[in-house]
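Residues per chain, in single letters:
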Amino acid sequence: MKEKLEQIRQEALKRIRESNSPDKLNEIRVAYLGKKGELTAVLKSMKEVSEAERPKFGQMVNETRAAIEELLKQAGTALETAAMNERLKHEVIDVTLPAKRPVPGHKHPNTIALEEVERIFIGLGYEVVSGPEIEEDYYNFEALNIPADHPAKDEQDTFYISGDFLLRTQTSSVQIREMQKGKLPIRMIAPGRVFRSDEVDATHSPCFHQIEGLVVDKKVTFADLKGTLDVFAKELFGENTKTKFRPHHFPFTEPSAEMDVSCFKCGGSGCRFCKGSGWIEILGCGMVHPRVLTMRGIDPEEYVGFAFGVGLERIALLKYEIDDMRLMYENDQRFLDQF
Ligand code: DAH
């Protein structure tokens, strides 16, 4: 029996020495130590051994098992070390290479311009509010004194969702929602996305941003409107900026005006930027139409309001001298990195 065990040990040793992979080692483990392995078979023949010799016999089998296990372990470690050394020969880490920098996010020019506008109006005591982008036809048009058959409704080619709901064409709808809250006085700006069925070109996009402004209080005059927007223009484009108000028409304001600012590029003498006129159109504004106030239950004899609406992209394009609006929406990092 002793010879038999010694023979098994020698054989296993030989096979372990010849094996060159962890898989082979595992095969050997199964062949000798497994349930149907050679050592197990020897153990099973125990019953043929006399009772007196059994403990000694058992001890010998255990020693052989331990020896083979030890050999397998050593061989396994040797194989792992060899594999690691081989890998290290090929895997070279060049610690002198520059590290990959994380690319941090960046504010969009629209965001920078909006934060600037908000800063100015918050400084003047305005609250920043918002309204829904999916709006009721009533808030977008009728409540702003634009009846169903009004040509202004055609001008703002609209994305209708159903007969009563649409993607708002102007942030002016937020004026109505604020007045409806019933708290006076109001001093608010409402920035947000607006939508029109326009073809994309250098100056148009079906989705763009406006900032609406509304003040409703007692004894508000057109002079307050002019003074406020003049301060706004100077803060935004520089203290030498001049403003000019041209009569215009908007259904929800009376009187209405458009405000131009003196060209901040040439100072007003005329250049390519202002198309030679020295002035750049910047926003629409006016005194809130008494009918708009009345519809909201506000007495126009007691309260007066002024309102204005400015295109955010228009400001960003002017301020950063960007000549194509499409660049604002393409998310090209080479463009965005410049601001
Ligand atoms: N909502 C107008 C537009 O989209 C802009 C506007 C003009 C807003 C005059 C106003 C305003 O509040 O008083 O063309």
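Description of the structure in this document. Computed from a predicted structure; not experimentally measured. (Residues numbered from 1 in each chain as written. Predicted model: local features only at pLDDT ≥ 70, side-chain atom pairs only at ≥ 80, totals over all residues. Heavy atoms only, no water.)

So, helix H11 (residues 312-319)
Step number 1: Taking burial as the measure, the eight residues of H11 include six buried ones, the bulk of the element.
Step number 2: Inspection of H11 places Leu312, Glu313, Ile315, Ala316, Leu317 and Leu318 among the buried residues, and these make up the whole buried set.
Step number 3: Residues of H11 that are buried in the fold lie against helix H5 (109-123), strand S5 (207-217), helix H9 (222-237), strand S8 (279-288) and strand S9 (304-311).
Step number 4: The positive-phi residue at the C-terminal boundary of H11 is Glu321, with phi of around 55°. (Buried < 20%, exposed > 50% of the residue type's maximum accessible area, 1.4 Å probe, protein only. Helix = DSSP H or I, 4+ residues; strand = E, 2+ residues; numbered from the N terminus. Contact = heavy atoms within 4.5 Å.)

A short note on the packing of H5 against H11
Step number 1: Running from amino to carboxyl end, H5 crosses H11 at an angle of 105°, the nearest separation of the two axes being 9 Å. Put simply, H5 runs roughly perpendicular to H11. Residues Pro109, Asn110, Ala113, Leu114, Glu116 and Val117 of H5 form the contact with H11, whose own contacting residues are Leu312, Glu313, Ile315, Ala316 and Lys319. (Axes fitted to C-alpha atoms, helices over the stretch in contact; angles between N-to-C directions. Parallel < 35°, antiparallel > 145°, perpendicular 65-115°, else oblique.)

Looking at the environment of Asp94
Step number 1: Tracing the sequence through the fold places Asp94 in the loop between helix H4 (54-90) and H5.
Step number 2: For Asp94, a relative accessible area of 39% corresponds to the partly exposed category.
Step number 3: Separated by 2.5 Å, the side chains of Asp94 and Thr96 make a polar contact. (Polar contact = N/O pair within 3.5 Å; in protein donor to acceptor, adjacent residues only side chain to side chain.)

Some remarks on the site of the ligand
Step number 1: Among the 16 residues in the neighbourhood of the ligand, the closest are listed as Gln170, Ser172, Arg196, Gln210 and Glu212.
Step number 2: In the environment of the ligand, an oxygen atom lies 2.6 Å from a nitrogen or oxygen atom belonging to the side chain of Glu212.
Step number 3: Tallied by class, the residues present in the shell around the ligand amount to five nonpolar, nine polar and two charged. (Near = heavy atom within 4 Å. Nonpolar A, V, L, I, M, F, W, Y, C, P; charged D, E, K, R; others polar.)

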